[in-house]
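# Coordinates in review
These are the residues of each chain, in order.
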Amino acid sequence: MPIDEEFRRFKQIREELNLTQSAFADELGISATTADIERGRTRIPGQVVKELLKKYHINPLWLFGDSTQKYLHAEKLSINPKIVTVDNTGNENIVLVSAKAAAGYPNNIGDAQWFESQPAFSIPLPEYRNATFRGFQVEGDSMLPVLHSGEWIVGKAVDDWENLSDKRMYVIVTVDSILVKRVQKETQSAFINLISINPEYAPIRIDRNEIREVWLVNSKLTFDLEADTQQVSLHSLHQEMRELRAEVKKLVK
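Described in the following lines is the structure provided in the data block. Because the structure is predicted, anything quoted here is derived from the model rather than measured.

Another aspect to go through is the pattern of salt bridges. As a working rule, side chains carrying opposite charge can pair if their charged atoms are close by. Following the criterion strictly, the structure yields nine salt bridges and no others. With a shortest N-O distance of 2.7 Å, Arg205 and Glu186 are connected by a salt bridge. Of this pair, Arg205 sits in strand E8 (residues 204–207) while Glu186 sits in the loop between strand E6 (178–185) and strand E7 (191–195), and the two are 19 residues apart along the sequence. When its relative accessible area of 36% is taken as the criterion, Arg205 is described as partly exposed.

Next comes the structure, spelled out in structure tokens:
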């Protein structure tokens, strides 16, 4: 393979990450910018190859043209719940994680005592049998008009990445936060995109190694049906106004 191919591939990585040469240099610990590497004036240092593997899972053999596999996948990660609690009859509880408790959830994900201190309940319906469920309180408006801040959702534990669908909503527990999003997997990549329903919010791209648990949202609890209807109508009106403004701009041009 011509030596300039490695420089082309290096530049390709930066462009796919949507980073400037200066920002990419900061990510890789290079002084100044990556311009000299991209122009073929400087060979790619070993430390840079190491950072590309560590941060972006770039296969060094692909970078230098000796493999067609661009990414090295991490070992299969466990996304099962680490702790479950049971009631007096031995059946699993649905532990409730309020918006306030959510701040401490990632740090206590393996602490049985912490989970036992949280409120819990059970639902005697067939839809809540033969699986592990957890309740989370919605915070913010990124999933409007489907989910509103303050509502409760019940999630079913997911145990395999292959089961994720881009048409469903999930509770994603990372090393430092709890997010309710749709999930968009990247082909041949260890990264995923977390998508909000509310178009005002941009996608969040994260390394799946940062994810600790995944819960499929299968139901929600809401207590203000009248307000819920009004909010959906307001959201629809807001969306229609945005589309109208866009049409007016086209006409002006």
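The subject of this paragraph is the sheet that holds strand E4 (residues 152–157). Pairing between sheet strands relies on hydrogen bonds along the backbone, with the strands arranged either parallel or antiparallel. With mixed pairing, nine strands are arranged side by side in an open sheet as E2-E1-E3-E4-E9-E5-E6-E7-E8. For this open sheet the edge positions go to strand E2 (120–121) and E8, each flanked by a neighbour on one side alone. As judged from the five bridges shared by strand E3 (residues 133–137) and E4, these two strands associate in the antiparallel manner. Each bridged residue has a counterpart across the sheet, and for Phe133 the counterpart in E4 is Lys156.

Our focus in this paragraph is helix H2 (residues 21–28). The complete set of buried residues in H2 reads Phe24, Ala25 and Leu28. Projected down its long axis, H2 carries its buried residues within an arc of 105°, all on one side. One or two steps after H2, the chain reaches Gly29, where phi turns positive at roughly 75°.

Moving on: the nonpolar core. Judged by nonpolar contacts, the single largest core of 20 residues is most densely connected at Tyr105, Phe136, Leu147, Ile153, Val171 and Val180. For this core, the secondary structure elements donating two or more residues are strand E1 (94–97), helix H6 (99–102), helix H7 (112–116), strand E5 (169–174) and strand E9 (211–221). If we ignore the near neighbours within four places in the chain, the residues touching Leu147 are Val138, Ile153, Met169, Val180 and Lys220.

Reading the values: rules and limits
- Residues numbered from 1 in each chain as written.
- Predicted model: local features only at pLDDT ≥ 70, side-chain atom pairs only at ≥ 80, totals over all residues.
- Heavy atoms only, no water.
- Salt bridge = Lys/Arg side-chain N within 4 Å of Asp/Glu carboxyl O.
- Helix = DSSP H or I, 4+ residues; strand = E, 2+ residues; numbered from the N terminus.
- Buried < 20%, exposed > 50% of the residue type's maximum accessible area, 1.4 Å probe, protein only.
- Pairing = 2+ DSSP bridges.
- Arc of directions from axis to C-beta.
- Core = buried A, V, L, I, M, F, W, Y, C linked by side-chain atoms within 4.5 Å.
- Contact = heavy atoms within 4.5 Å.

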